[in-house]
Amino acid sequence: MTLKQPIWPRFLPSGLVVALATLGPVGRIPRAPGTWGSVAGLMYFTLFFYQLGIFGTLLFSAVGIYVAVAFCGEAEFRLGRRDPGEVVLDEFVAIPLCFLGWPALLSVAPPWAIFLAGFAGFRFFDVLKPLGISKLQDLPDGWGVVADDVAAALATCVTLHLVGFLIRTFA
């Protein structure tokens, strides 16, 4: 099975495609646009995913990932660069996956600490790309732009739950 770039964004104006992929002005912040895209993603999680369970988060994240693959891949093409830094929709849609099952962590930390740890963990995994995450960038088109962020979010989620388990077990 080969991953294919959705074709429907090809019919949209370049200004719209790039604006959505960069979250408007967020991706154009000169320093650390990925971090700002992640901050926007944290707000996105808080506004739309906070009350959802695991199933709802996975369902809405799958839709967001598909949309991000479409727009990020098309923005790559229109900007003429591979995974341009100003394209931050990938960070934005991946962040909610950091917090799958987050209420289980409330026994070890307050929500603000979980969100701060999730944000920091996501930035760690997204920037350093350990555990083979960097290889996901080799996927074609928008899939390569988004897959490494999804993997970074899932690695963050596993890390948060592992730390929570260790604290509950040994503290």
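Throughout what follows, the structure given in this document is the object of discussion. Please read all numbers here as calculations on a predicted model, not as lab measurements.

Quick notes on the rules
- Residues numbered from 1 in each chain as written.
- Predicted model: local features only at pLDDT ≥ 70, side-chain atom pairs only at ≥ 80, totals over all residues.
- Heavy atoms only, no water.
- Helix = DSSP H or I, 4+ residues; strand = E, 2+ residues; numbered from the N terminus.
- Rg over C-alpha atoms; globule rule 2.2 N^0.38 Å.
- Contact = heavy atoms within 4.5 Å.
- Salt bridge = Lys/Arg side-chain N within 4 Å of Asp/Glu carboxyl O.
- Buried < 20%, exposed > 50% of the residue type's maximum accessible area, 1.4 Å probe, protein only.
- Lys, Arg positive; Asp, Glu negative; His and termini not counted.
- Axes fitted to C-alpha atoms, helices over the stretch in contact; angles between N-to-C directions.
- Left-handed = near helix turned anticlockwise from the far one by under 90°.
- Nonpolar A, V, L, I, M, F, W, Y, C, P; charged D, E, K, R; others polar.

Quick look at the overall build of the protein
Part 1 of the argument: Counting secondary structure elements, the protein contains 6 helices and 0 strands.
Part 2 of the argument: For the protein, the α and β elements follow one another from N to C terminus as α-α-α-α-α-α.
Part 3 of the argument: Taking 171 residues into account, the globule formula puts the C-alpha radius of gyration at 16 Å, and the protein, at 16 Å, falls close to it.
Part 4 of the argument: Expressed as lengths along the three principal axes of its C-alpha atoms, the size of the protein is roughly 55 × 30 × 30 Å.
Part 5 of the argument: Of the contacts formed within the protein by residues at least 6 apart in sequence, a portion of 76% connects residues at least 24 apart.

Some thoughts on the pattern of salt bridges
Part 1 of the argument: With the rule as written, the count across this model stands at 6 salt bridges.
Part 2 of the argument: A salt bridge links Glu86 to Arg81; the shortest N-O distance between them is 2.4 Å.
Part 3 of the argument: In the salt-bridge network here, residues are joined through shared partners; they are Arg123, Asp126, Lys129 and Asp148.

Side note on the side chain of Glu91
Part 1 of the argument: Assignment of secondary structure puts Glu91 in helix H4 (residues 89–98).
Part 2 of the argument: Buried within the structure, Glu91 lacks any salt-bridge partner; Arg123 is the closest side chain of opposite charge, at an N-O distance of 4.3 Å.
Part 3 of the argument: Ignoring any residue separated from it by four or fewer positions in sequence, one finds Glu91 in contact with Gly34, Gly37, Ser38, Phe122, Arg123, Asp126 and Asp149.

Re the packing of helix H2 (residues 33–48) against helix H5 (residues 111–128)
Part 1 of the argument: Here H2 crosses H5 at 145°, and the two axes come no closer than 11 Å. The element H2 and its partner H5 pack so that their crossing is right-handed. Contacts between H2 and H5 involve Gly34, Thr35, Ser38, Val39, Leu42 and Phe45 from the former and Phe115, Phe119, Phe122 and Arg123 from the latter.
Part 2 of the argument: The class makeup of the residues in the contact of H2 with H5 is 6 nonpolar, 3 polar and 1 charged.

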